[in-house]
Amino acid sequence: PDKEVRFRSDAAMILSKATTYGIRALAYLAKQPKSQWCGLREIADAEQIPPLYLGKLMNELRRHRLVQSTKGIHGGYALARAAEDINILTVFRVL
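In this report, we go over the structure that sits alongside the text. (Residues numbered from 1 in each chain as written. Predicted model: local features only at pLDDT ≥ 70, side-chain atom pairs only at ≥ 80, totals over all residues. Heavy atoms only, no water.)

### Description of the environment of Thr19
Phase 1: Looking at the secondary structure, you find Thr19 in helix 1 (residues 17-30).
Phase 2: Classification of Thr19 as buried rests on a relative accessible area of 0%.
Phase 3: Residues within four places of Thr19 in sequence aside, it is in contact with Val91, Phe92 and Leu95. (Helix = DSSP H or I, 4+ residues; strand = E, 2+ residues; numbered from the N terminus. Buried < 20%, exposed > 50% of the residue type's maximum accessible area, 1.4 Å probe, protein only. Contact = heavy atoms within 4.5 Å.)

### Brief notes about the environment of Pro50
Phase 1: Note that Pro50 resides in the loop between helix 2 (40-47) and helix 3 (51-63).
Phase 2: Linking Pro50 and Tyr21, residues 29 residues apart in sequence, is a C-alpha distance of 9.4 Å.

### Some words on the packing of helix 2 against helix 3
Phase 1: Where helix 2 contacts helix 3, the two axes come as close as 10 Å, and the packing angle between them is 115°. Relative to helix 3, the crossing made by helix 2 is right-handed. Contact residues: Leu40, Arg41, Ile43 and Ala44 in helix 2; Pro51, Leu54, Gly55 and Met58 in helix 3. (Axes fitted to C-alpha atoms, helices over the stretch in contact; angles between N-to-C directions. Left-handed = near helix turned anticlockwise from the far one by under 90°.)

### With respect to the side chain of Gln32
Phase 1: Looking at the secondary structure, you find Gln32 in the loop between helix 1 and helix 2.
Phase 2: For Gln32, a relative accessible area of 18% corresponds to the buried category.
Phase 3: With sequence-adjacent residues up to four places away left out, Gln32 is seen in contact with Cys38 and Glu42.

Below, the structure is given as structure tokens:
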């Protein structure tokens, strides 16, 4: 079931471009089947994120064990833990 998120109208949060892109990339990975690896270009195209910039962000997310990666023709990125266990504050601190 989808959860509705509401923000108070007087609450303001400004996120950096890196944090915003990181959240979008993680959300994209969270929507994929558990056993599916997603290539960097696939994520970049789907989320309209510059691939070179996304590559740097994904390396940082991998270094902090939010995503895992594998090399090769069937390689790519996947979440390193359940989507429910990743929160925005963690992404904000990492990126």
